[in-house]
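Descriptive analysis of the structure
Single-letter residue listing:
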Amino acid sequence: MRGSSACIQYAERTPHPDFLLNAENLSLSRKGRGEIERGDRTMAAQSGKDMLLKLDQTGSGSFLTVAGLRTRSLNFNAASVDTTDQESAGRWRELLAGGGVKRASVSGSGVFKDQNSDATIRSLFFAGTIRNWQLVLPHFGVVEGPFQIVALEFSADHAGEVTFDLALESAGEVTFTAA
């Protein structure tokens, strides 16, 4: 092929019948503005402002929205436990089902609603206090459990408001209640 350009041609193939069946059952298609069709049900898009972070400020089980969070995220992680040994089939890694440490982290940034919420967050951070928190995910559910504030950062622009970044790590069993 000296001096000529190589050209690759792709043969048109018909998909495997199982793929067509699976693709039909799992397909996502746009229905209309903000709606997605999944199989036989329709789901509306959700507003990010409806995702709320709430704190049990006194330990009494009464949850209040702490601050005006503009961004929020929730992450779940589970460490795996490797049980591979010299007799593992084909030397493939083996994992222990249900083993390992699970954790949840929540992060957010925004502005404080008032001096009270600012003072509460600061005092919990500096004391290293573990409190129950809720993360409300509309049309999905509520994640609740003990969390500790592990990072708190304040920043400001000369012509803007003071903002904060907050990071929470789970400090015990976290529950999920479906909506």
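Use the structure listed above.
Residues numbered from 1 in each chain as written. Predicted model: local features only at pLDDT ≥ 70, side-chain atom pairs only at ≥ 80, totals over all residues. Heavy atoms only, no water.

**Quick word on the overall build of the chain**
Along its length, the chain carries two helices and eleven strands. Beginning at the N terminus, the succession of helices and strands in the chain can be written as α-β-β-β-β-β-β-β-α-β-β-β-β. Counting every position in the chain, which comprises 179 residues, the buried fraction comes to 21%. Restricting the contact set of the chain to residue pairs at least 6 apart, pairs at least 24 apart contribute 55%. (Helix = DSSP H or I, 4+ residues; strand = E, 2+ residues; numbered from the N terminus. Buried < 20%, exposed > 50% of the residue type's maximum accessible area, 1.4 Å probe, protein only. Contact = heavy atoms within 4.5 Å.)

**Focus: empty space enclosed by the protein**
One pass over the structure, following the stated rule, counts one cavity of 30 Å³ or more. Counted as a void, the largest cavity has a volume near 40 Å³. The wall of the largest cavity is formed by Leu 53, Val 106, Trp 133, Gln 134, Leu 135, Val 143, Phe 147 and Leu 168. Counting residues per element, the ones that place at least two in the lining of the largest cavity are β8 (130-137) and β9 (141-156). Among the elements that take part in the lining of the largest cavity, β8 stands out by supplying three residues, more than any other. Across the lining of the largest cavity, the residue classes tally to seven nonpolar, one polar and no charged. (1 Å grid on protein atoms, 1.4 Å probe; cavity = no way out; pocket = protein on both sides within 12 Å on 5 of 7 lines; lining within 4 Å. Points joined across faces, edges and corners; volume = space filled by probe spheres on them. Nonpolar A, V, L, I, M, F, W, Y, C, P; charged D, E, K, R; others polar.)

**Considering the nonpolar core**
With 22 residues, the main nonpolar core has Leu 53, Ile 121, Trp 133, Ile 149, Leu 166 and Leu 168 as its most contacted residues. Only β4 (52-56), β6 (67-78), β7 (102-112), α2 (115-127), β8, β9 and β10 (162-170) provide two or more residues apiece to this core. If one sorts the elements of this core by residue count, β9 sits on top with four residues. (Core = buried A, V, L, I, M, F, W, Y, C linked by side-chain atoms within 4.5 Å.)

**Describing the packing of aromatic side chains**
This model, assessed by the stated rule, comprises two aromatic pairs. For the pair Phe 125 and Phe 126, a centre-to-centre distance of 5.2 Å together with 75° between the ring planes defines the contact as edge-to-face. Taking 5.0 Å as the distance between ring centres and 50° as the angle between the ring planes, the aromatic pair formed by Phe 140 and Phe 176 counts as tilted. Placement of Phe 140 in the loop between β8 and β9 and of Phe 176 in strand β11 (residues 175-178) is noted, with a sequence separation of 36 residues between them. (Phe/Tyr/Trp six-rings, centres within 6.5 Å; stacked < 30°, edge-to-face > 60°.)

**What to know about the layout of surface pockets**
Think of a ball as big as a water molecule: rolled over the atoms, this probe shows where empty space is left. There is about 170 Å³ of room inside the largest pocket. Lining the largest pocket are Phe 76, Asn 77, Ala 78, Lys 102, Arg 103, Ala 104, Ser 170, Gly 172, Glu 173 and Val 174. Along the lines of polarity and charge, the residues of the lining of the largest pocket split into four nonpolar, three polar and three charged.

**Thoughts on unusual backbone geometry**
For residues other than glycine, phi is negative in most cases, and the peptide bonds are mostly trans. Of note in the backbone geometry, Arg 91 takes a positive phi value of approximately 60° without being a glycine. Counting through the fold element by element, Arg 91 comes out in the loop between β6 and β7. The class for Arg 91 is exposed, based on a relative accessible area of 77%. Of note, the phi angle at His 139 is positive, near 65°, even though the residue is not glycine. With respect to the helices and strands, the residue His 139 is situated in the loop between β8 and β9.

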